[in-house]
Every structure is written in C-alpha cells, then in structure tokens.
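Structural characterization, general
What follows is the residue order along each chain.
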Amino acid sequence: MQAEHDFSQGRYPQVISDLSDTRPLSPRAWALLGISHLRLGQLHDAEPVLQRALALGDAEAAVEYGNLLRAQGRFADANRHFAAHEPEPGTELHARWRRWMGVTAFQAGYVEDGIDSVERAARAYLALGNEDGAARTSVSLARMLVRSGHTDRAARLYRSLLPTLPAEPNPLPRLTALAGWLDLLLAGGDEASRDEVMREATALLRATPSEHARLPVMACLAQLHAREGHARQSAAVLQDMLTLTVGLQGYEARAWVHAHLAEHHARQGRLSEAHAQLREVPQVDRPSAHVRFVQGLIAARQGLWSKARPAFEGALQQATDERRALLAARAHLHLASALYADAQPEALEVLEEAADRLLRLDLTPALHTDLADCAEVLYAGLMDPYLAALAAPLRPGRGPLRARALQADTLHLELITLGRPAVRLEGETLPVSPDTTALLVLLAQKPGLTRSDLERLLYPDKAPTAATAAVKAHLQEVRRSLGEVALQRSGPYHEQQYRIAPHLAVTVDADVLESALLSGRTPLVLATCQGPFLQDHSSDWATEQREHIQSKVSAYVMAEAATTRRRQAYLEAEQLCSTYLSAHPDDLAVHAERVAAARGLRDPLKRQTAEVRARQAGLDV
C-alpha cells in the first residue's frame, strides 16, 4: 500500500495524513501510524495508536511500544515490556528489539550492559545482510560510546559509518550520525572538522520532516555557543529547543533542555529561575548526573556548601560510573572550587586530582567556561609551589564576576576594567570600545551624571566640541550594544541625568577586587587584578583610580609575601610574587620582595631567575 512505501522513504507526515482519517485500519496500518508519530517525536499521539496495534497483534508495534516507553523515561516499564515481547530470533525485529533494549539499559545507568546489547544488535543486522539496520544501530552505539568516554572507538565508528549513510531519500539516519559526530568533536575535535559537520547538519535540518531529529543538532549548537562565550546565543537556541519539546513530549530532550537552561540561569545569578527550570525536569528513577551537577552549581552560587558538596560528589561519581568523561571533569573541578570556598583542608588535594584528570584526558579546550568559573581555586593552585606546574596549563582567563541573586527579568552586566577593558552581558563579551566601557563604569559608580559631567571627567583635555561629540558617540554605542532602554534619563533637557537601567544588574571588577582585598582572599585578588585600571584612558579620574588600585594591590601582595617569608616559607613567598608579576611585570617593589624570598631558598636557579627578571624590569639587584 502507499502508506507502506511512504513509511519506507521516511515520509512520516504523509503517512499520518493518509491514515489519520481512514477507517477501518488493519493492524499493520495502525502500526505504521503509531511508529510514524513516534519517529517524529509525537509521543502522546503515538502511545494510544501503538497500544491498539499491539492489542491487534502487530509484532513491530510490540517492539516500538517498548521504544516509546524508553523515550518517555519509563525505563522500568520498558524493560518489563521488552522481557515479555521478545520477537522471533534471527529476524530484523529481534535485532531491533535488542537495540532498543540496550539503549534502555544504557539510559537507566547500566552502561556496559547497554553497550553490549547494542553491539550484539549491530552484529545481528550484519548477519542478516541488513547494512542499513546495522548502520542505524551503530549510530546508537557510537553516541553511547561518546557518552561513556570511549571516544576513540566512537570516532573510528563514525568515520566508518558516515560514508555509508545517504542524505536521500531519508536524511534522518545521516542527520543523527552527524549530530553524534558533532557531539564528539565538541569534546575536543579540531575546529575545521567541527564547522564542516555543523554546516552539513544545518543544511540537512531543512530536508527532514522530523522536529525530533532537529534537537540533537540544536543541542550541539547551544553547547558550541556556550563554549565560545556566547551565552545569550546559547540561551536563545535552548529556548527554541524548549518550544520544540513542548510538542514532542520526549523525556530525554526535555530533561536535557531544562537542565541546561537551569545551568545558564544559575551562572547569571537568576537562582529562582534556575530552580524553576530544574523542577520542570521530568521525574525518573534517579536524577541524571548533569541534573546533580546543576543542583551543585545553584547551591554554590547561594554559598550553601553543605548542599553543593554532595551534589558535585554525586555528579562526579555518577558521571564516572557512566564514563561521561567531560561531565565528570567539570564536576571534579567545581567540587574542588566548592571545597576551597568552604575552607576545607582537602580542597587543593581534590584540585590536584581534577587537574590531573583534565590534562590526562586533554579536556581543557572544552572547559574554558568552567575554568573561568573556578578561577579562585585555580589561582590557589598556582600559588602552591607543589601544584603550580600542574595548575599552570589550566590557568584561566578572566573569571566571571559573580552577581547577587537576580530576578528572572534581570540581566547581568559585567564591567571589566583591570587589564583589557571589556563589557559582558550574560557572560558574552560585547563589541564596545574601551572609552565606552569607561563611561559605563562612571555611571555605575556615580549614577545621575549629566553629559557635561561625563565630558569633564572623561575628556578634561579635549576641546568642548570634541568632548561633546565623543560622549554622544559613546551613549549611542551603549544603546546599540545594550538596547535602547539600557540608560534612563531624568531632569531638564539640557542637564539630563543618566543612570544604568535597573533591569541591568552591574558588577564592576574593581569593586570585586576591593572586596577581595578587604577579606584577604589572595587567590581572588590575583584572579581579578589582571592589569592596570582602564590602562589606556588618560583622564585624571582614571589615572587616580589606576594609581590608587595599583598601590593598594602592590602593598597587599608585598605584605602577604613578607609575612610568608618571615615564617621562612620562602618557596611560598616566591611563588606568590611570581604569580602576581606574571600580570604586573613592572612592579619593582614586588620584584624586590621576590628576590628576597628567592635568596632564602637553596635553589640557585630560582634565585637567578628572580634576579634576572628584576633587572629586566629596571631594578638594581
């Protein structure tokens, strides 16, 4: 019949259109209708139809109903169903039954049993001479291998599979394989291959009728944006995925999207929204390792270390058991960070284990955001003479500035002034000039300034017309980058006062540094103070702040190093000075302190290195 032909070609919407209003239907037609709904991710529509086909005795419907239960996250029900409905051995249906039974076991946490079952299914397809079935099953196997940390095996499998999967007439198997290959490349593959695969997968999305098949590619795109620091773009893709999952009702997709949206909101400080997203994760026998990780992240943002620690420990153990190397590495790193923030003595020991895991598995490129999140504990490792060499390859870029708890409709705006100036909205760096950054800092520090105030403070040496034009351009750049409502104005037209709008929660790194100095958090001081305040801005206001901050930080580091040296902990004192000087190589006073510490060591190489660096900076030693 025509429906059978359309089904074999992957034209599932056509099958549904032809059969939905046709009555009576044969058991086979009910099966085709239910499986078509299932292939398109329409689980609620598929369930009653497959139940009817199953009751009428259709053998394929019996296998696919178990697959439906798996897709809904009902793993125990799926296992019972598969056990009660084993097809005749030596048939295609038996191979398919073994495939979906293995995927169910894997998703339920029985990793090795699941992989073994799917491998046996692929061999069964090959024994039947069914190359297409073997390829589709191998795609499932490859994704499982990636998630369980068998990345080399998965890479070999994908390379052998992709040439055998055509893009026509049914693009779904190839699209699924491309999504899995992308998943693997995101964990550390080369960027050229990743971008090429992404282009092909994006093109195939337009050719597939299945919204369900779009989700894995969109998931890769969301992760890619997040990894590259484009948090808002990542969140936009996640919201589009959420819209799709509302209609698809699939357990796995919904759980993934809600957990990743919760992580996004937690990173920005919107903790209530993060909790709300986690509550939307479908309930199953046990939470996923990623859900546990996000629970730890939220607790850590709240300073609830007694909750953060077990959540990260649980995520680490579960991800390790499931051989999810990347997630295990993330959980390990954040566990070390939480222990350090809670002043636990084993924090640096855990950091050493986490750093060894990251470097051994070569996962550093995929963890840029997490390394920045955990900057304080990593700098504590850099200050430790025995951990410094291990922590050095993990030295993070500038870490995120933690926001206070924010409302759901509030955006986090970070103003970076120490080192290279930058403006970050929701973690994403905006194309804003250093002088516009300076203007925003002024408005954050002194709300209510007028244009004439801004002109006087930013450009005291410019001609009035030039200063007016410059400030006007900066205000336009703010509106262009942050939106028309980013600034509020009040007062008479010619003396309007400017404020940053309340929907933007502002954090300035100089304020974070001040707090770290007051509380004696030396690693945070080093992680935050990456260079001079607005280093290229020559106004009196910027120069005064730059000199004040530099002298304060320099005095703090010297005092810490001198105190450490007086305890005869010369190695720790030298390492502290060395870490600070890597970002401030012209600080002669700290160079002198480093030389004094190095001379207390019985290490001629360290002494010589300290003296050479000091002379290069202009110090007579």
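Residues numbered from 1 in each chain as written. Predicted model: local features only at pLDDT ≥ 70, side-chain atom pairs only at ≥ 80, totals over all residues. Heavy atoms only, no water.

1. Some points on the overall build of the protein
From N to C terminus, the protein includes 32 helices and seven strands. Expressed as lengths along the three principal axes of its C-alpha atoms, the size of the protein is roughly 90 × 70 × 40 Å. Within the protein, the fraction of its 621 residues that count as buried is 54%. Counted over contacts in the protein with a minimum sequence separation of 6, partners at least 24 positions apart contribute 59%. Accessible surface, the protein as shown: approximately 27,400 Å² in total, 50% of it carbon and sulfur. If the 68 positive side-chain charges of the protein are averaged to one point and the 76 negative ones to another, these points end up 1 Å apart. (Helix = DSSP H or I, 4+ residues; strand = E, 2+ residues; numbered from the N terminus. Buried < 20%, exposed > 50% of the residue type's maximum accessible area, 1.4 Å probe, protein only. Contact = heavy atoms within 4.5 Å. Areas by Shrake-Rupley, 256 points an atom, 1.4 Å probe, with all protein chains shown as cover. Lys, Arg positive; Asp, Glu negative; His and termini not counted. Charge placed at Lys NZ, Arg CZ, Asp CG, Glu CD.)

2. What about helix α17 (residues 289–301)?
The terminal C-alpha atoms of α17, which comprises 13 residues, lie 19 Å apart, in line with the 18 Å expected from a rise of 1.5 Å per residue. A large share of α17 lies buried, amounting to 11 of its 13 residues. Taken together, the buried positions of α17 are Ala289, His290, Val291, Phe293, Val294, Gly296, Leu297, Ile298, Ala299, Ala300 and Arg301. Considering only its buried residues, α17 is in contact with α15 (251–268), α16 (271–279), α18 (305–321), α19 (325–341) and α21 (368–373). Of the residues one or two after α17, Gly303 is the one with positive phi, at around 75°. (Expected span 1.5 Å × (residues − 1).)

3. Thoughts on the packing of aromatic side chains
The way to describe two aromatic rings as a pair is by their centre distance and the angle between their planes. Considering all chains together, one arrives at four aromatic pairs under this definition. When the centroid spacing of 5.7 Å and the interplanar angle of 55° are considered together, the rings of Phe293 and Phe312 count as tilted. Taken together, the positions of Phe293 in helix α17 and Phe312 in helix α18 put the pair 19 residues apart, joining distant regions of the chain. On the basis of relative accessible area, Phe293 is assigned to the buried category, the value being 0%. Seen in terms of ring centroids, Phe533 and Trp541 are 5.8 Å apart; in terms of plane orientation they differ by 80°. Their pairing is edge-to-face. Pair check on accessibility: Phe533 and Trp541 agree, each one buried. The ring of Trp100 has Arg99 sitting right over it, with the charged end atom 4.2 Å from the ring centre. (Phe/Tyr/Trp six-rings, centres within 6.5 Å; stacked < 30°, edge-to-face > 60°. Lys NZ or Arg CZ within 6 Å of the ring centre and 35° of its normal.)

4. Quick look at the pairing of strand β5 (residues 487–490)
In this sheet, strand β6 (residues 497–500) lies alongside β5 in antiparallel orientation, the contact comprising four bridges. The partner of Ser490 across the bridge, within β6, is Gln497. Following β5, the chain reverses through six residues before pairing antiparallel with β6; Gly491 in that reversal takes a positive phi of roughly 95°. (Pairing = 2+ DSSP bridges.)

5. A closer look at the pairing of strand β1 (residues 411–416)
Counting buried residues along β1, five of its six residues qualify, which places the element largely inside the surrounding structure. Pairing of β1 with strand β7 (residues 504–508), which is carried by five bridges, proceeds in the parallel orientation. Its bridge partner lying in β7, His412 is registered against Ala505. Pairing analysis gives four bridges linking β1 to strand β2 (residues 422–425), with the strands arranged antiparallel. Of the residues in β2, the one forming a bridge with Glu414 is Arg424. The hairpin formed by β1 and β2 contains five residues between the paired strands, and Gly419 there has a positive phi angle of roughly 100°.

6. Some details on empty space enclosed by the protein
Which parts of space are left empty comes out when a probe the size of a water molecule is rolled across the atoms. For the structure shown, the criterion picks out one cavity of 30 Å³ or more. Of the volumes computed, that of the largest cavity is approximately 30 Å³. Counting residues per element, the lining of the largest cavity draws most heavily on helix α20 (residues 347–361), which supplies three residues. (1 Å grid on protein atoms, 1.4 Å probe; cavity = no way out; pocket = protein on both sides within 12 Å on 5 of 7 lines; lining within 4 Å. Points joined across faces, edges and corners; volume = space filled by probe spheres on them.)

7. Side note on the sheet that holds strand β3 (residues 428–429)
Read from one edge of the open sheet, four strands run β3-β2-β1-β7, paired in mixed fashion. The sheet is open, and its two edges are formed by β3 and β7, each paired on a single side. Lying over the sheet, helix α27 (residues 509–519) contacts β1 and β7, oriented at roughly 55° with respect to β7. (Axes fitted to C-alpha atoms, helices over the stretch in contact; angles between N-to-C directions.)

8. A short note on the nonpolar core
Ranked by size, the top nonpolar core spans 69 residues in total, and within it Leu19, Leu50 and Trp181 carry the most contacts. Considering each element in turn, this core owes the most residues, 10 residues, to helix α11 (residues 172–186). Setting aside residues up to four positions removed in sequence, Leu19 forms contacts with Ala3, Leu25, Ala29, Leu32 and Leu33. Ranked by size, the runner-up nonpolar core spans 58 residues in total, among them Leu443, Leu449, Val553 and Ala561. (Core = buried A, V, L, I, M, F, W, Y, C linked by side-chain atoms within 4.5 Å.)

9. A word on the environment of His334
Residue placement: His334 occurs in helix α19. When the C-alpha positions of His334 and Leu297 are compared, they lie 7.9 Å apart, and in sequence the two are 37 residues distant. If sequence neighbours within four positions are ignored, His334 has contacts with Arg267, Phe293, Leu297, Phe312, Asp370, Asp373 and Cys374.

10. Notes on the packing of helix α3 (residues 27–39) against helix α5 (residues 59–71)
Put simply, α3 and α5 touch, their axes get as near as 10 Å, and they point 25° apart. Relative to α5, α3 is oriented roughly parallel. Crossing of α3 over α5 shows left-handed handedness. On the side of α3, the interface is formed by Arg28, Ala31, Ile35, Leu38 and Arg39, while α5 contributes Glu60, Ala61, Glu64, Asn67 and Leu68. (Parallel < 35°, antiparallel > 145°, perpendicular 65-115°, else oblique. Left-handed = near helix turned anticlockwise from the far one by under 90°.)

11. Structural notes on unusual backbone geometry
Of note, the amide linkage connecting Arg23 to Pro24 takes the cis form, showing an omega dihedral of -5°. In this fold, Pro24 is placed in the loop between α2 (12–19) and α3. With a phi angle near 40°, Leu534 is a residue other than glycine that sits in the positive phi range. Turning to its location among the elements, Leu534 is positioned in the loop between α28 (522–528) and α29 (540–566). Overall, the relative accessible area of 2% leaves Leu534 in the buried class.

Read these as layout, nothing more, since geometry by itself doesn't imply function.
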